[in-house]
Structures are given as structure tokens and as C-alpha cells.
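One letter stands for each residue in the lines below.
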Amino acid sequence: MTAAFGSHTSLSLAEESRAKRRAARLSVIIASFLVALKAATGWITGSISVWASLLDSTMDIFASAINFVAVRAAARPADEDHAYGHGKAESLAGLFQAGVISASGFFLIVEALRRIASPRPVASTKLGIAAMVIASVVSAVLVARLRRVARATDSPALHADASHYLTDIWTNLGALVALVLVAQTEWLMIDPLISLAISLYIIWSAARVGKESVDVLMDRRLPLDVDEKVAAIINRYRDQGVRGFHDLRTRRSGSVKFIDLHLEVDRQMRLDEAHELTVKVLRAIEDEIPRARVQIHTDPV
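The following refers to the structure shown. (Residues numbered from 1 in each chain as written. Predicted model: local features only at pLDDT ≥ 70, side-chain atom pairs only at ≥ 80, totals over all residues. Heavy atoms only, no water.)

1. Observations concerning the overall build of the protein chain
(1) Moving on: Regarding its fold elements, the protein chain presents eight helices and four strands.
(2) Moving on: Ordered by position from N to C terminus, the α and β elements of the protein chain give β-α-α-α-α-α-α-α-β-β-α-β.
(3) Moving on: Considering only intrachain contacts with a sequence separation of at least 6, the fraction spanning at least 24 residues in the protein chain is 77%. (Helix = DSSP H or I, 4+ residues; strand = E, 2+ residues; numbered from the N terminus. Contact = heavy atoms within 4.5 Å.)

What follows is the structure, encoded as C-alpha cells:
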């Protein structure tokens, strides 16, 4: 006997979907603003660190646009061809972001090495410093917003977007430090050296985002504390006829956690009693593990 899927969350699926779409749309708008700001600043100052930050923001637009599409796709309900829903569209977007971030990082390494070999002067450092301060503040506000929504909805796409914009903060700060040091010391080599450090950080961040996305796409099990939570919930029903469980399997798709298990119940119970007990356990797991979809097969023992 198998109990069907269910769903219980603090926010409705429609509310979560709207919150994710608004956050994804905001990231596209902010990325567009940062590109315009940094393009003007890079053109005026000629700083490779500013250009490095500009390239990262340019990649942000593409990544955020993909995220916006992925979030909308992931919100679509299950259909005949996608019985488990479309949640993995978010992880595909995260994997795409990892590729975009990596490409920008390697490009910046090449440009930084060229500038080390042939240093160039930096102009209008005060203007560049002011622009990077503005960019850093705007990026920090966006990261805070994305993280808040990502935690509330457990969205892989928004988690990846927040990680991406966190690298943007560091590239902004790196460019800011480079401009300040060039203005104070007139040592031109500091600009490409800081750009090189920014590039290495970007690549490391891309690897982390990529691994998280691949884990979801490959159906990696949920953290062990989820198994422990399930076991604790089931143990509360031992005095009602539950004897144990086995074959617990977990995975995630987008914001949804899928939990499958075999529930062992007293073989002396009637079929309707065993079914009712199974449904109680299923609802308890869904109530205590947000965005869980639980399927239970009942075994008499």
C-alpha cells in the first residue's frame, strides 16, 4: 500500500513563485544598472580592475536573465511528461551561471597578465573610486535581498544568483582598492595584480556553484539531518502500531524535497487502520520538513 504525495509549506506555492520571480527580476534590473555604471567608469579611468568588474556584471545580466526564465519554468505544475514537476530548471540555471562565471574569470586572467606585461596608466581615480563605492553598496543590498528570498523559498537558482552577486561585491571592492592604491602610490602594477586575484576568486566561486547544481541534477541525497528528522518523526508513532521503516531515499528538485520510504506497521492492523496511520506519518513529515513531497509504501511486519 502506498500513500500519495502531499505538500505543506508556510508560504503557498503561488506566493513562493511570485517572490522568486520578483527577486529574479530585480537582479536583472540591478545588473543592467551596474553594467552602465562600470562601462562609463572603465572607459574614463582605463582601469583593468574596473573592466574586470564590468565583465562580471555583464555576465550577471545573462545569468540573471536565465535565472528569471528558469524560476518561471520551475513554477509550472507537474504534467504528463514531467510527473515530478519542473524544479530542476533552477539547477540547470545554476549550472549555466557556473559556466558563465568561469568564462569571465579565465578571460580576466588573460587580460590581467597582459597588463602585468604592459602596465597602463589609470585616469580619473576619484571618479572611479566613487563609482565602485556605489556599485558595492548596490550589490550588497541585492545580495541581502536574494539571500532572504532564497532562504524563504529554498530556491537553488536564487542561491546561485546570490553567490554570483557576492563575487560582484568582491570584484567591486578589489577595483576600489586598486584605484585607491594607484592614486596613493602611482604603482601601476597593483591594478592588474588585484584583477588577477579577483579572477581567481571568481573561478573558485564558479566551481562551488557548479558543484551544488550538479549535486541536485544527479539526485544527490539530502543532508543527513533530514534522515534523522524523518526517523524522529516516525518513532513518535511506535505506540500506535509503527514498528520501523526502511529504504529511505531522498533527493531534491528545485525548491522541493522528495522523500520516499517503506513504513513498517503491525501486521495485526486492519488495512484501513494501517492506511490511516501511514497518512498520519506522511502529513507529520511534510508539516515538519518544509517543501517536502513524501511517498510512503506500507509494509506489514
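2. Let's talk about the nonpolar core
(1) Moving on: By size, the foremost hydrophobic cluster in this structure holds 23 residues, and its most contacted members are Met132, Leu146, Leu158 and Tyr165.
(2) Moving on: In this structure, Ile234, Tyr237, Ile259 and Met269 belong to the second largest nonpolar core, which totals 22 residues. (Core = buried A, V, L, I, M, F, W, Y, C linked by side-chain atoms within 4.5 Å. Buried < 20%, exposed > 50% of the residue type's maximum accessible area, 1.4 Å probe, protein only.)

3. A few points about the environment of Arg151
(1) Moving on: Note on placement: Arg151 falls in helix 4 (residues 125–153).
(2) Moving on: Residues contacting Arg151, with those up to four places away along its chain left out, are His159 and Arg291.

4. Concerning the environment of Pro192
(1) Moving on: Counting through the fold element by element, Pro192 comes out in helix 6 (residues 190–217).
(2) Moving on: On the basis of relative accessible area, Pro192 is assigned to the buried category, the value being 2%.
(3) Moving on: In sequence terms Pro192 and Ala178 are 14 residues apart; their C-alpha atoms lie 8.5 Å from each other.

5. A few points about the environment of Asp299
(1) Moving on: Here Asp299 is to be found in strand 4 (residues 292–300).
(2) Moving on: For the pair Asp299 and Leu263, spaced 36 residues apart in sequence, the C-alpha separation works out to 5.9 Å.
(3) Moving on: Residues in contact with Asp299, not counting those within four places in the same chain, are His246, His262, Leu263, Glu264 and Val265.
(4) Moving on: Engagement of the side chain of Asp299 in a polar contact is seen with the side chain of His246, the distance being 3.2 Å. (Polar contact = N/O pair within 3.5 Å; in protein donor to acceptor, adjacent residues only side chain to side chain.)

6. Describing the pairing of strand 3 (residues 256–265)
Along any regular strand the residues' side chains alternate between the sheet's two faces.
(1) Moving on: Burial of strand 3 is extensive: nine of the 10 residues sit out of reach of the surface.
(2) Moving on: In this sheet, strand 3 lies alongside strand 2 (residues 242–253) in antiparallel orientation, the contact comprising nine bridges. Paired with Arg252 across the two strands is Lys257, which belongs to strand 3.
(3) Moving on: Here strand 2 folds back onto strand 3 in antiparallel fashion, the turn holding two residues, of which Gly254 has a positive phi close to 65°.
(4) Moving on: When strand 3 meets strand 4, the two strands line up parallel, connected through nine bridges. Residue pairing across strands places Glu264 opposite Asp299, the latter belonging to strand 4.
(5) Moving on: Of the crossover connections in this fold, the one passing from strand 3 over helix 8 (residues 271–288) to the parallel strand 4 is right-handed. (Pairing = 2+ DSSP bridges. Right-handed = clockwise from strand over helix to strand, strands pointing away.)

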